[in-house]
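Chains, contacts and geometry: an overview
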Amino acid sequence: MRYDFNKIEEKWQKYWAENQTFQASNSSDKPKYYVLDMFPYPSGAGLHVGHPLGYIASDIYARFKRHKGFNVLHPQGYDSFGLPAEQYAIQTGQHPALTTEKNINRYREQLDKIGFSFDWSREVRTSNPEYYKWTQWIFIQLFESWYDQEAEKSRPISELIELFAAEGNSRVNAACDDDIEEFSASDWNGFSEEEKQRILLKYRLTYLAETEVNWCPQLGTVLANDEIVNGVSERGGYPVIRKKMTQWSMRISAFAERLLQDLNKIDWTESLKESQRNWIGKSVGAQVEFKIMNTEEKFEVFTTRPDTIFGVTFMTLAPEHDLVKKITSEEQKAEVEAYIEATAKRSERDRMADVKTISGVFTGAYAEHPFTKEPVPIWIGDYVLAGYGTGAVMAVPCGDQRDYDFAKHFDLPIHNIFENADISEEAHAGKEGTVIANSDFLSGLEYKEALNKVILELEKTGQGYGKTNYRLRDAVFSRQRYWGEPFPVYYVNGMPQMIELEHLPLRLPEVEKYLPTETGEPPLGNATDWAWDTENHEVVSNDKIDHQTIFPLELNTMPGWAGSSWYLFRYMDPHNDGEFVSEEAQKYWENVDLYIGGSEHATGHLLYSRFWTKFLHDRGYLTVEEPFKKLINQGMILGTSAFVYKLTLAWISTERHDGNIEYLNDISQRFPKILCSKNLAENYSRENVGLNDLNSIYDLPVLNLFIESLDTDLINIDQLSFNHYPIHADVSLVNSSDELDIEGFKKWRPEFQDAKFLTEDGKYVVGREVEKMSKSKYNVVNPDDICEDYGADTLRMYEMFLGPLEQAKPWNTAGITGVHNFLKKLWKLYHNGDEFSVSDEKASADSLKTLHKTIKKVTEDIENFSFNTSVSTFMICVNELTAQKCSSREVLEPLAILIAPYAPHIAEELYSKLGNTESVVFAEYPVFDEKFLVESKKNYPVSFNGKMRFTMELPLDMSKDEIEKAILDDERTKNQLEGSTPKKVIVVPGKIVNIVV
């Protein structure tokens, strides 16, 4: 009857699978509850112990809600399109579908071992054609829609066509491109069909446009900002440049105000909401028009401080701005072109984050000030982004620190327009209480008054107008990849046409290679069968394209966020062939009640999902406007990395040498590979080590090897200096005492096969550092190993025990034994030696008290997502019940149910042994009864002349006289009194007794 966790867990995992224990119904008399984890991408590395943290938390809550009588939907699936599988396909030639399937099978195996209560009958995969059929359908709905800013909702494009035909576009308040020209109804009705389509494309919610993108030549694709780290691609570390390309985009900017305001309707953390507010970036100000002197060109600037317009001393355009090449003077042309080329190599994120570097180039052109008509020099600077606002800034150095620093750096004028403001050292950035000076009709006005007056004046003269602006930009929706959703688009005379729903899905074609074509087209350009036959409604060979009935298909694919923006609704009705979700299923489940995932998706996935949900609601396909009611970001489980230290030559001091740097590098190549143990590394890296000192630091054979490697041209060596560099070592090669398996390390890293390992007392001790758990840092711990050695229940409880769910915490395998011992102690509570031993005798008052205070605390903890303190409560409970020798079913059966969400396998086994034939999953959650916590007795401290001599337990309902009699009748009191009569007996019922002798 020992706690055989491997056997128990295998038994119940098999039972759950065979009985479909966690399968949810789309109709039930029970209240519904929808728990969802953020979509996992199935990587080849599989899960490490950091991945299940959020899944365990959501699983505890899902199981808890089932016990509480809810019909719980807790599904799982895979975000299975993505760049990693494609990169592997490029390297190996293996189709991404095969790699993805293998990875999914591995993930599923690992997830099942941990005992999650997922409803696998609803599994979805974004790469499944039956799934992406509906992603393609949603794309088509977006294409066939426009955004009515008056009604603040999406509407069918057919209604816009009717408006144009009846009254033109002068009264249409729509989200659209900036270059829309006004036309009348007669104009519209006279346009050719192709011209109408071209105009409509400027209004559609998904549209084609030439856009500045992050282009990675080595990967041959556009990357999102969050796929770039320190100016290079996150995947592979390749350089990324800015490039203009015709791309599909989503008009998410139309929804900016709704996305902002509706944050008040959802239960998210304030920090997460603030991230979205900052990303949406609402600002109120004015749009100001500047004319370029001696040309017909003009450009607009959005500013939140139009009141400072008389302080403008220069203009800055983004290097990518369309006007730059047109207005640059011949004298400045070479310098401007070189700057533009250099800027193209920096990502937008780097340019935004770099507030220290000051760079820019004068274009040679001047703008005309709207009021003074004076010339204002036009510069370009990489701190201005083409895609944000208008791509132009009116620089007011006296009121903006970045403009101030730019002006100081390039010796540009700074005009002070603020009364009593000192700008000798820095800009004056204050608003409230600031009085404008040296500004014509604005002089003497405070900030708000000046702001309103200048906007009125700009509107009166036709040089600007008041405007609300948003940082949120339309989302680029094209990727130059193979492994993604194909666009359901073909082209007639260059204009996009949609494939009808009944002919979806448009499936990915087979290709010989997954790289871009030799002419630079995306990988789908390698497909031989990738043309659309409009008569037979099928994909045919490219050779058959006749531009009459057979047309070319789109070569780009959709980004990873396409399928993950709506997957929550597909889980509601995953096998529906006729709709992405039925009205009945969507009305029943509505949206996600609890969503758990990483904070890294705060401004990507979550914004896109909110956008798609609002759009689908506008068009009548959903009843909800928000996808996720409550969202919790789990913290990260950190890994403890291991490091070895490589010793390298830093510099050498001699009497004579030829070509210092080149020669030093040459010496370093011949310098033998030396890896130092942790405590030796810093000592070995001492500066200015003379040759006479080397014998005391290094092993003589190593020193001799080094001396022999030196060229005879290098004589009279005076001093050497060395550095040590940390190199990650696989943590599996390090024991609990931080000692490295040197031979194992050599096999793992063959390049160090001949290295010299400098040890401490024969042991090579690694360095340790807590950092992100990652395969690239070789610090991952496989959950399979933990489950094998300690059990899934131990893993689940230990991950919760590590600390608050939202916080980062380091993993320490050594600490897991405490939780495992607790589970063994829980098992023993139900057994007497080798026998299962639970009685039907009534539980003691103490045991009932222990049980009910545990029910109260654990329930409160689960509802507050404080799972770590729940584990501590369970430990206290088991310790107390063990000390009480409790074996009563009255206590132990509720306890098995109570712990089931945390440790479901052991709970199922104990619940079954208690004689129950149904799974513990369906057991009613224990109800807290306050009466068991009401104290009926008081342990009175009994004092004599103020000094406590003993304690005595008495009923709390005893009167003062009854307490006094009981105390005086006690033998211990008589012994203290030694026959004397007390002068006074002080009794405070429920508190103390003091006898004055």
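Treat the numbers as computed from the prediction; the structure is a model and nothing was measured.

1. Some points on the packing of helix H29 (residues 867-883) against helix H30 (residues 889-899)
What describes two packed helices is the angle between their axes and the distance between those same axes. Following both chains from N to C, one finds H29 and H30 inclined at 160°, their axes separated by 12 Å at the closest point. Relative to H30, H29 is oriented roughly antiparallel. Here H29 runs over H30; the crossing is left-handed. Mapping the contact onto sequence places Phe874, Cys877 and Leu881 in H29 and Val891, Leu892, Leu895, Leu898 and Ile899 in H30. For the contact of H29 with H30, the residue count by class is 8 nonpolar, no polar and no charged.

2. With respect to the sheet that holds strand E21 (residues 538-540)
Reading across the sheet, the 3 strands line up as E21-E20-E22 and stay open at both edges, with antiparallel pairing between neighbours. Of all the strands in the sheet, the pair left with one neighbour each is E21 and strand E22 (550-552). Adjacent strand axes in the sheet meet at a mean angle of 40°, parallel and antiparallel pairs treated alike. Judged from the 3 bridges that link them, strand E20 (residues 531-533) and E21 form a sheet pairing that is antiparallel. Pairing of Trp532 across the sheet is with Val539, part of E21.

3. Regarding the side chain of Asp119
With respect to the helices and strands, the residue Asp119 is situated in the loop between helix H4 (96-113) and helix H5 (129-143). Of the polar contacts made by the side chain of Asp119, one reaches the backbone nitrogen of Ala24; its length is 3.0 Å. At a separation of 2.5 Å, a polar atom in the side chain of Asp119 contacts the side chain of Ser121.

4. A few points about the nonpolar core
Formed by 90 residues in total, the largest nonpolar core has its most connected members in Trp248, Phe477 and Trp612. By size, the runner-up hydrophobic cluster in this structure holds 86 residues, among which are Trp120, Leu848, Phe865 and Met875.

5. Some words on the confidence of the model for the protein chain
Looking at the protein chain, the pLDDT average stands at 90 and 93% of residues meet or exceed 70. Considering only residues more than four positions removed or in separate chains, one finds that residues 687-705, a stretch of pLDDT under 50, has 31 contacts. Counting interchain partners and residues more than four positions distant, the pLDDT-below-50 stretch residues 711-718 has 28 contacts.

6. A short note on helix H28 (residues 845-863)
Taking 1.5 Å of rise per residue, the 19 residues of H28 would be expected to cover 27 Å, and the 27 Å separating its terminal C-alpha atoms lies within 8% of that figure. Buried residues along H28 sit in contact with helix H2 (52-67), H29 and H30. Phe865 sits one or two positions beyond H28 and adopts a positive phi of about 60°.

7. Here we look at the state of the cysteines
For the structure on display, the rule yields 0 disulfides. Unpaired in this structure, Cys877 has its nearest cysteine sulfur neighbour in Cys886, at a distance of 8.7 Å. With relative accessibility at 1%, the residue Cys877 sits in the buried group.

8. A short note on the pattern of salt bridges
Considering all chains together, one arrives at 52 salt bridges under this definition. Here Lys629 and Glu590 are joined by a salt bridge, their closest N and O atoms 3.7 Å apart. Of the two residues, Lys629 sits in strand E24 (residues 628-633) while Glu590 sits in the loop between helix H18 (583-589) and strand E23 (592-597), which places them 39 residues apart along the sequence. Note on Glu590: relative accessible area 33%, which makes it partly exposed. A salt bridge links Lys965 to Asp969; the shortest N-O distance between them is 2.9 Å. Within this pair, Lys965 and its partner Asp969 are both found in helix H32 (residues 960-969), separated by 4 residues, close to a single helical turn. When salt bridges that share partners are traced, they join Glu101, Arg108, Asp112, Glu123 and Arg125 into one network.

9. A short note on the pairing of strand E34 (residues 937-944)
Relative to strand E35 (residues 947-955), E34 is paired through 8 bridges, and the arrangement is antiparallel. Bridged to Lys938 within E35 is Leu954. Bridging between E34 and strand E37 (residues 992-996) involves 3 bridges; their strand directions are parallel. Residue pairing for E37: Ser943 is matched across the bridge by Asn994.

The rules we used
- Residues numbered from 1 in each chain as written.
- Predicted model: local features only at pLDDT ≥ 70, side-chain atom pairs only at ≥ 80, totals over all residues.
- Heavy atoms only, no water.
- Axes fitted to C-alpha atoms, helices over the stretch in contact; angles between N-to-C directions.
- Helix = DSSP H or I, 4+ residues; strand = E, 2+ residues; numbered from the N terminus.
- Parallel < 35°, antiparallel > 145°, perpendicular 65-115°, else oblique.
- Left-handed = near helix turned anticlockwise from the far one by under 90°.
- Contact = heavy atoms within 4.5 Å.
- Nonpolar A, V, L, I, M, F, W, Y, C, P; charged D, E, K, R; others polar.
- Pairing = 2+ DSSP bridges.
- Polar contact = N/O pair within 3.5 Å; in protein donor to acceptor, adjacent residues only side chain to side chain.
- Core = buried A, V, L, I, M, F, W, Y, C linked by side-chain atoms within 4.5 Å.
- Buried < 20%, exposed > 50% of the residue type's maximum accessible area, 1.4 Å probe, protein only.
- pLDDT = per-residue confidence, 0-100.
- Expected span 1.5 Å × (residues − 1).
- Disulfide = S-S within 2.5 Å.
- Salt bridge = Lys/Arg side-chain N within 4 Å of Asp/Glu carboxyl O.

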